[in-house]
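Results of the structural survey
In case you want the letters, here they are:
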Amino acid sequence: MHLGRTTLSKFLIQQLQAEGKSDLAALLVDVAAAVKAISSMTAKGGLADILGSLETENIQGETQKKLDVLSDQAFINTFQLGGLVAGLASEENDEPIPVTDPQNRGPFLAVFDPLDGSSNIDVNVSVGSIFSILEAPKGREPEMGDYLQPGTKQLAAGYAIYGPSTMLVITVGKGTHGFTLDREVGNFVLTHPDIQIPADTSEFAINTSNERFWEPPIHRYVMECKAGKTDIRGRDFNMRWIASMVADVHRILMRGGVFMYPKDTKDASRPGRLRLMYEANPMSFVIEQAGGLGSTGRARIMDVQPENIHQRIPVVVGSRNEVERIEKYHREYDSGADSQYSSPLFSDRSLYR
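Below, the structure is looked at part by part.

Rules and cut-offs
Residues numbered from 1 in each chain as written. Predicted model: local features only at pLDDT ≥ 70, side-chain atom pairs only at ≥ 80, totals over all residues. Heavy atoms only, no water. Helix = DSSP H or I, 4+ residues; strand = E, 2+ residues; numbered from the N terminus. Expected span 1.5 Å × (residues − 1). Buried < 20%, exposed > 50% of the residue type's maximum accessible area, 1.4 Å probe, protein only. Contact = heavy atoms within 4.5 Å. 1 Å grid on protein atoms, 1.4 Å probe; cavity = no way out; pocket = protein on both sides within 12 Å on 5 of 7 lines; lining within 4 Å. Points joined across faces, edges and corners; volume = space filled by probe spheres on them. Nonpolar A, V, L, I, M, F, W, Y, C, P; charged D, E, K, R; others polar. Pairing = 2+ DSSP bridges. Core = buried A, V, L, I, M, F, W, Y, C linked by side-chain atoms within 4.5 Å. Axes fitted to C-alpha atoms, helices over the stretch in contact; angles between N-to-C directions.

Quick look at helix 8 (residues 320-335) now. Spanning 16 residues, helix 8 covers 23 Å between terminal C-alpha atoms, matching the ideal 22 Å at 1.5 Å per step. If you check which residues of helix 8 are buried, you get Glu322, Val323, Ile326, Glu327, Tyr329, His330 and Glu332. Tucked into the core, helix 8 has its buried residues touching helix 5 (216-227), strand 13 (258-261), strand 15 (293-295) and strand 17 (315-318). After helix 8 finishes, the residue Gly336 shows a positive phi value of roughly 80°.

Structure (structure tokens):
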């Protein structure tokens, strides 16, 4: 039971009603309803015959899992029935889905990744959902351009993580707050108010199998972390990698660290791996409201003007001082100020040893 503890609904009323944003509060309650439905499905796992892949691919060219599609439909149904969105866009759909009935068209746009880290579903590792809420155009059906708003325009954002417990972490621009699902009564309860990420950390998350494709600034940073207290960092670092952005970022949000999915040379047609609109922007909003930073390595993520709904982008998010160090290394490399890394083919500490 959670007598005397703040529920999600009560919290949102306290945060938003005084500003006349009761519609936004109601929409976030709808998000929570979709999260509960997905939480129930993930908890059943193989018992519900929802594991495994389908013979279809999404717009990203990724094989869809059964639970990808079911999670996507849970969000779509919730948003369409709620009457609070004018349109929605998802990782699993090529184009945005408009609400065509003017009587059921709300003031918001919802952009989401219904099931992040779905490659982990079949091995029972934590997965999650990510969402971003934007303002919709007034008096008409939204067009593609209406969705392409920079992250600074987000009204709310957050993620759910489906692990030993289900948590919903949100921001409406007034800090970052975590809620845990009480499965017995079906309410999200405030358990992590005003989360703050330590500015310094001794932990980083990156897929080291891509090391040979990294740009020199990322290689430099990781090599210094791996060298630990024997090198210029003066302390030892731990590396963690779950291959679920939600799970990796959640760990960093709780105890500090930096998550990197940087630009690399593995596929020249892709400037980054993660999607700007429904992964990088909402996660950056959550991280920055907790005192951290979200960067491409060269610019603030939330300042990037989107060019398409499925745009990919390099991502570096987490503890402020570590992200700033990585940005500094990119500046030095781009300007040629760091002689050790400005000519990577011939440097003593280069990608080629």
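End to end, helix 3 (residues 66-82) covers 25 Å across 17 residues, agreeing with the expected 24 Å (1.5 Å per residue, within 8%). Taken together, the buried positions of helix 3 are occupied by Leu67, Asp68, Ser71, Asp72, Ala74, Phe75, Ile76, Thr78 and Phe79. In the segment just after helix 3, Gly83 is the residue with positive phi, at about 70°.

What follows covers empty space enclosed by the protein. The full count for this structure, using the stated rule, is 1 cavity of 30 Å³ or more. Taken as a whole, the largest cavity encloses approximately 50 Å³ of empty space. Contributing to the lining of the largest cavity are Ile206, Asn207, Asn210, Trp214, Met260, Tyr261, Pro262 and Asp264. Its residues assigned to classes, the lining of the largest cavity comprises 5 nonpolar, 2 polar and 1 charged.

This brings us to the pairing of strand 17. Of the two faces of strand 17, the one carrying Val315 and Val317 and the one carrying Val316 and Gly318 are both buried. Relative to strand 17, strand 15 runs antiparallel, the two sharing 3 bridges. Within strand 17, the residue paired with Ser295 across the bridge is Val316.

Another aspect to go through is the nonpolar core. By size, the foremost hydrophobic cluster in this structure holds 41 residues, and its most contacted members are Phe79 and Leu168. With 10 residues, helix 2 (residues 22-44) is the largest single contributor of residues to this core.

A few words now on the pairing of strand 5 (residues 108-116). Most of strand 5 is tucked away: 9 of the 9 residues are buried. In this sheet, strand 6 (residues 127-135) lies alongside strand 5 in antiparallel orientation, the contact comprising 7 bridges. Paired with Phe112 across the bridge in strand 6 is Phe131.

On the basis of which strands lie adjacent, the open sheet formed by 5 strands has the order 12-11-13-17-15 and mixed pairing. Both outer strands of the open sheet, strand 12 (238-239) and strand 15, are each paired with one neighbouring strand and no more. Looking at chain direction, strand 13 and strand 17 are connected through 4 bridges and run antiparallel. Bridging across to strand 17, Phe259 finds its partner in Val317. Of the strands in this sheet, strand 11 (203-205) and strand 13 are in contact with helix 5, which crosses strand 13 at around 140°. Set on the sheet, helix 6 (residues 245-255) makes contact with strand 11, strand 13 and strand 17; between it and strand 13 the angle comes to about 155°.

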